[in-house]
Amino acid sequence: MKERKMLMDVAAFFGVEDAPDFGLYSAPHLVGIGLFVLLMVALYAGRRQIRSSAFTKKVIRYGLLGVLLASEIALNLWYVLAEQWDITDTLPLELCSVSLLLSIVMLLTRNRLLYQILFFAGIGGALQAWLTPSLDFGYPHFRFFHFFIAHAAIILASLYMTWIEQYRPTWRSIGWAMLFLNILALAVGALNHAIGANYMFLRSKPSTPSMLDLFGPYPYYLLAEEAIALVMFTGMYVLFFWIPDRRRRAARQSEGKGRGVQG
C-alpha cells in the first residue's frame, strides 16, 4: 500500500495530467521568494568569511555550477520522459535558458566579459521571471521547483562573482549587455520565423500575466522591453555600485578632514 502511494506521489510530481496550476503570488510563490531573499542576504552577509576561505569559495562556486547543470539536464529529461519535448517550445532559447548556460561557463572559466553581460541580462531576466513567472505548473510539481531553483541559481551565480570574487561591471557593461540582448533577439527571431516558434516572446506575449501586458500589442511591447531593460540595468548599476562608491568616497573625505582638524 505504501509503495503504491509512493508511486502515485512520484507520478503526480512529474506528471502532466491533472497537474496543479501555478498561482501568481500564492503562498508557495511568496514562500519561494522569501527563501530566495534569505539566500541572497546570507551570501552578502557572509561574503568576507567566504572570501577568506579558498575551500568555501570553491564549494559555493562549483555548487552553483552543479545546480545549474543538474537543473538543465533534469528539465530536458523531463521533457522527453513526459513527452513534452517540442522544437517550437523546449529548446534552450529563452533569455533565462541562455543565461543559465552562460552562467555555467562563467563560473567554470571566471570570464569577465560574460560576467559583465550576465550581471545585467542574467539577473534582470531571472528576476523578472521570479516576479512574473511564465509557468503552467504549480506547487508541488517538479516544474515548480525546477523553475525557481534554476532562476535563483542564475541570479546567485552573478552575485557570487560580484560579492565573493569581487568582479564588477562598468557603465560600458550596460552597453555590452544591451548589444548581447539585441544580437540574441535577432538570432532567435530568425529561428522563430523559420520554425514557427515564439522563443523570448518575440512574436507574441506570454499567455500568463506579465509586465508585457502593460505595454500594448506586438510590436510595441518589444520597444518597451528595450526601454525597460535599459532603465533596469542602469538602476542596478546605480544601486549596486554608483551609490556605494559615492558613500565610500564621502566617508574617506570626512575621515581625512577629521584627521586634518586633529593634526
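Higher on the page you've got the structure.
Residues numbered from 1 in each chain as written. Predicted model: local features only at pLDDT ≥ 70, side-chain atom pairs only at ≥ 80, totals over all residues. Heavy atoms only, no water.

Student: Explanation requested: helix 4 (residues 54-81) in the structure shown.
Tutor: Given a rise of 1.5 Å per residue, 28 residues ought to cover 40 Å, and the 40 Å separating the end C-alpha atoms of helix 4 matches this to within 8%. Inspection of helix 4 places Arg61, Leu64, Leu65, Leu68, Ser71, Glu72, Leu75, Trp78 and Tyr79 among the buried residues, and these make up the whole buried set. In this fold, the buried residues of helix 4 make contact with helix 1 (2-14), helix 5 (95-109) and helix 7 (142-163). In the stretch just after helix 4, Glu83 is the one whose phi turns positive, near 55°. (Helix = DSSP H or I, 4+ residues; strand = E, 2+ residues; numbered from the N terminus. Expected span 1.5 Å × (residues − 1). Buried < 20%, exposed > 50% of the residue type's maximum accessible area, 1.4 Å probe, protein only. Contact = heavy atoms within 4.5 Å.)

Student: Is there a simple way to think about the environment of Pro133 in this case?
Tutor: Along the polypeptide, Pro133 turns up in the loop between helix 6 (112-131) and helix 7. For the pair Pro133 and Pro169, spaced 36 residues apart in sequence, the C-alpha separation works out to 27 Å.

Student: Please clarify how a nonpolar patch on the surface should be interpreted in this entry.
Tutor: The grouping of Leu69, Ile73, Leu77, Val80, Leu81, Trp85 and Ile87 at the surface amounts to a nonpolar patch, some 720 Å² of accessible area in total. Assignment of secondary structure puts Leu69 in helix 4. (Patch = residues over 30% accessible without salt bridge, like charges linked within 9 Å, V, L, I, M, F, W, Y side chains within 5 Å. Areas by Shrake-Rupley, 256 points an atom, 1.4 Å probe, with all protein chains shown as cover. Salt bridge = Lys/Arg side-chain N within 4 Å of Asp/Glu carboxyl O.)

Student: Just to check I follow, could you spell out the packing of aromatic side chains for this structure?
Tutor: Describing an aromatic ring pair means giving the distance of the ring centres and the angle of the ring planes. Counting across every chain of the model gives 28 aromatic pairs. Between Phe147 and Phe148, the ring centres sit 5.1 Å apart and the planes meet at 75°, which makes this aromatic pair edge-to-face. The residues Phe147 and Phe148 share a single accessibility class, namely buried. Above the plane of the ring of Tyr44 lies Arg47, whose end atom (NZ or CZ) is 3.9 Å from the centre. The lysine or arginine in question, Arg112, covers the ring of Tyr167, its NZ or CZ lying 3.9 Å from the ring centre. (Phe/Tyr/Trp six-rings, centres within 6.5 Å; stacked < 30°, edge-to-face > 60°. Lys NZ or Arg CZ within 6 Å of the ring centre and 35° of its normal.)

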